Amino acid sequence: MKQMQALITGATSGIGMAIAKELSKRGWSLILTGRNQEKLLELKEPLPVPVEIFPLDLSKENAPFQLYDFCKGKRVDLLVNNAGFGVFGKFTETDLQEELELLSLNVRALHILTKLFLRDFKKRNSGRILNVASSAGFLTGPLLSSYYASKNYVVRLTLAIAEELRHDKSRVIVSLLCPGPVDTNFNNRAGVQFRVKALSPEEVAREAVFGVLTGKLLIVPGLSIKLGLLASRLLPEQLLSRILYYVQAAKQTAIPKK
Ligand SMILES: NC(=O)c1ccc[n+]([C@@H]2O[C@H](COP(=O)([O-])OP(=O)(O)OC[C@H]3O[C@@H](n4cnc5c(N)ncnc54)[C@H](OP(=O)(O)O)[C@@H]3O)[C@@H](O)[C@H]2O)c1
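Below you will find a few notes about this structure. (Residues numbered from 1 in each chain as written. Predicted model: local features only at pLDDT ≥ 70, side-chain atom pairs only at ≥ 80, totals over all residues. Heavy atoms only, no water.)

Comments concerning the overall build of the protein
Right, so step 1: A tally of helices and strands in the protein yields 9 helices and 7 strands.
Right, so step 2: Evaluated residue by residue, the protein yields a buried proportion of 51% over its 258 residues.
Right, so step 3: Counting contacts in the protein only where the partners sit at least 6 residues apart, residues at least 24 apart contribute 65% of the total.
Right, so step 4: Put simply, the protein shows about 13100 Å² of open surface, and 56% of that area lies on carbon and sulfur atoms. (Helix = DSSP H or I, 4+ residues; strand = E, 2+ residues; numbered from the N terminus. Buried < 20%, exposed > 50% of the residue type's maximum accessible area, 1.4 Å probe, protein only. Contact = heavy atoms within 4.5 Å. Areas by Shrake-Rupley, 256 points an atom, 1.4 Å probe, with all protein chains shown as cover.)

Below, the structure written as structure tokens:
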């Protein structure tokens with residue numbers, strides 16, 4: 001059987017690393033990226049499948065194009081757009097430069113990679129894309145405003161593309177992963193701490209890989225998050241924002257950023 005290959009962004013920790021391990025168990029070869037070369041090498045070492053690494057900062061202007069060029073001539077069967085981070089704080093007080101980096105990574109890089117790979121996938125009428133959004137992608141996020149807004153972009157973009165593909169009777173699969181809290185380095189970078197039980201990245205990766213390989217469009221790991229999202233649709237938007245302000249404020253913590 002032909003060996004399948006996945007490209008995963010943000011593979012140096014958390015959900016991306018867990019997806020890399022999950023796919024390697026299924027015999028997929030991997031192209032892994034992230035900024036931290038040492039971590040990529042550490043991850044590659046014990047994996048029982050062919051792994052190439054390509055360290056780069058995807059928030060830089062040319063980086064998504066460099067990554068696409070690196071993959072030219074290597075067949076990619078699955079693109080996992082996973083790299084992303086959050087910035088916590090009041091919109092008037094958060095650092096503009098950090099938010100521009102967030103938009104470059106969470107929105108711009110994902111947009112460019114989705115477009116470039118999807119064009120190739122459409123031409124050959126095969127291939128899969130897993131875009132990692134968040135349950136935040138269906139909500140308004142006071143105190144994490146740019147992060148929530150970026151994930152809303154990912155949700156709407158991916159759902160729209162999926163409908164276009166369905167309409168064109170394309171065999172290309174696009175899936176959207178929308179987890180709630182997951183126990184990763186995300187909190188440290190955003191400077192917050194979850195007040196509810198988080199899923200492990202391994203649990204999320206198992207559902208995500210199963211979902212994208214079985215052609216599921218919307219993957220929401222965990223029953224409580226599924227129910228929470230359903231319930232949020234019943235509330236008026238402004239009331240929901242008020243509740244979410246307090247939910248986010250409770251995440252504020254004195255832990256230093258790593
Ligand atoms: N944790 C949660 O609760 C949660 C919930 C819903 C959705 N998500 C989403 O899941 C995805 C993965 O996050 P995670 O929770 O696994 O967090 P994480 O452990 O912090 O992983 C983030 C990954 O993104 C990479 N990354 C960050 N900045 C980058 C940059 N400028 N260029 C290239 N790569 C970069 C990091 O690698 P380097 O540091 O090596 O660059 C790391 O591999 C994100 O899109 C996040 O929004 C997370």
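Now that the structure has been shown, we can carry on.
Describing the packing of helix H3 (residues 63-71) against helix H4 (residues 96-124)
Between two packed helices, the angle of one axis relative to the other and the distance separating the axes together describe the packing.
Right, so step 1: At their nearest, the axes of H3 and H4 sit 9 Å apart, and the two run at 30 degrees to each other. Here H4 runs roughly parallel to H3, going by the angle between their axes. Both H3 and H4 take part in a crossing whose hand is right-handed. Across from Pro-64, Phe-65, Leu-67, Tyr-68 and Cys-71 in H3, the residues of H4 making contact are Arg-108, Ala-109, Ile-112, Leu-113, Leu-116, Phe-117 and Asp-120.
Right, so step 2: Across the contact of H3 with H4, the residue classes tally to 10 nonpolar, no polar and 2 charged. (Axes fitted to C-alpha atoms, helices over the stretch in contact; angles between N-to-C directions. Parallel < 35°, antiparallel > 145°, perpendicular 65-115°, else oblique. Left-handed = near helix turned anticlockwise from the far one by under 90°. Nonpolar A, V, L, I, M, F, W, Y, C, P; charged D, E, K, R; others polar.)

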